[in-house]
Structure formats: structure tokens, C-alpha cells
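# Reading the structure
Each chain, letter by letter, is given below.
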Amino acid sequence: EDAYKKLFYHFYPILLSFCTTILNNKENAEEVVSEVMLKVWTMGEELNHVDNLTVYVFKAARNKAYDVLRKKNREIATIALADNMEEYVIDKNSPENLYVRSELEQYIGKIIHALPTQSQLVYRLVKEQGLSYKQVAEVLGISLNTVETHMRLALKKMRLALNAYLNEEK
């Protein structure tokens, strides 16, 4: 029971974020994650046969989320924040820099939101969840080359948009 609690507290927030990205609805995402975690709980000894638990729970969550999407015919959408904002803000505590950071975070969120859905998911899994390209390919059920392509395109679009934004500020 203690081991399950540790697993639950470790995976719940990241799976909730992942499923919210896919479903664009936190309540549905909470249901999906709860179902996945319940499945993990009821697996018992079968859990010993899982090679990579992280990939397993992400795949299970993805499959459940896609089931919900198929049933409700929803489009996949998301807003995400980049994880390297510190590059653009030197003194995080000054009011001016706090404002600039907030504005930049919103802008980056819009850039990511404008990316194609699959590119958004790849970006979030790699940059926010720290998964390898190979793990992302397994989780999303796509090839490694496709993951690389989505990541390259996402980073290129972000770089171009940020350069335009930063040049606009000057």
C-alpha cells in the first residue's frame, strides 16, 4: 500500500498534465488518470512483468485519453510553458523582470498552442516531462524519426517566433 501511494504521488501530477494536454479538459483528465492508477493498483504481480513503468503508465494514459476523445469527438489542444525562461530574465525579483517574464511566458504559451497537436505533445513530453525521444515514440505510438521531426519543427517555429518577438521589443 505504501509503495502504491509513492507511485500514485509520483505519477499522478505528470499524468494529469499529460492527459490534460490531450483532452484539453482537466476533469476528464482526472478521470483518465484515476482509471490508469486504479489499473496499476489492481495489476498486483503482473506489474513485475512491466519493463519500463514510466512508459507503461504514459501509454495506458494515452490510450484511455484517446478513448475519451473518440467517444466525445473532441479536438486535441493545449497551452504549455517553456522550461528555460531564466535565459531571458536576469533578476527574477525585480517588478519589471517579473512583468517581462510573465509576458514572455504567455507569448511562448501561445507559440506552443499554435503548434500542431502532435508537435505540442512531443515538445511537452521531451521538454517538460524529460522523456527521451525513444520513450516519446513508444508513448505516442509513432516512429523515432517522426518524434525527431516534430521536435525539430516545434523548436524551429519557437525560435523564429521568439526572434521576431525579441526584435520587436528592441
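Right, let's walk through the structure included here. Being a predicted model, the structure only gives us computed values, none of them experimental.

### Notes on the pattern of salt bridges
Going through the model one piece at a time under the given rule, you end up with two salt bridges. The closest approach of N and O atoms between E35 and K64, which form a salt bridge, is 3.5 Å. Of this pair, E35 sits in helix α2 (residues 26-43) while K64 sits in helix α3 (residues 53-72), and the two are 29 residues apart along the sequence. Note that E128 and R124 form a salt bridge whose closest N and O atoms lie 3.4 Å from each other. Of this pair, E128 and R124 are both found in helix α5 (residues 117-128), four residues apart, which corresponds to roughly one turn of the helix.

### Structural notes on α2
Each α-helix winds once per 3.6 residues, and so residues spaced three or four apart point in a common direction. Helix length check: α2, at 18 residues, gives a terminal C-alpha distance of 26 Å against a target of 26 Å (1.5 Å per residue), a fit within 8%. Turning to α2, its buried residues number three or more, namely N28, A29, V32, V33, V36, M37, V40 and M43. On an axial view of α2, the arc spanned by its buried residues comes to 165°, and they lie on one face. Across α2 from its buried face, at more than 90 degrees, point the exposed residues E27 and T42. With a side-chain oxygen lying 3.0 Å from the backbone nitrogen of E27, the N-terminal cap of α2 falls on N25. One or two steps after α2, the chain reaches G44, where phi turns positive at roughly 60°.

### So, the packing of α5 against helix α6 (residues 133-140)
When two helices pack together, their arrangement is given by the angle between their axes and by how far apart the axes lie. Look at α5 against α6: their axes get within 10 Å of each other, and the N-to-C directions meet at 135°. Taken together, the axis directions place α5 and α6 in an arrangement best described as oblique. Crossing geometry of α5 relative to α6 is assigned as right-handed. Counted together, Q118, L121, V122, L125 and V126 of α5 and Y133, V136, V139 and L140 of α6 form the full contact between these two elements. Here the contact of α5 with α6 is built from residues that sort into eight nonpolar, one polar and no charged.

The rules behind these values
Residues numbered from 1 in each chain as written. Predicted model: local features only at pLDDT ≥ 70, side-chain atom pairs only at ≥ 80, totals over all residues. Heavy atoms only, no water. Salt bridge = Lys/Arg side-chain N within 4 Å of Asp/Glu carboxyl O. Helix = DSSP H or I, 4+ residues; strand = E, 2+ residues; numbered from the N terminus. Expected span 1.5 Å × (residues − 1). Buried < 20%, exposed > 50% of the residue type's maximum accessible area, 1.4 Å probe, protein only. Arc of directions from axis to C-beta. Polar contact = N/O pair within 3.5 Å; in protein donor to acceptor, adjacent residues only side chain to side chain. Axes fitted to C-alpha atoms, helices over the stretch in contact; angles between N-to-C directions. Parallel < 35°, antiparallel > 145°, perpendicular 65-115°, else oblique. Left-handed = near helix turned anticlockwise from the far one by under 90°. Contact = heavy atoms within 4.5 Å. Nonpolar A, V, L, I, M, F, W, Y, C, P; charged D, E, K, R; others polar.

The quantities given are spatial measurements derived from coordinates; they are silent on function.
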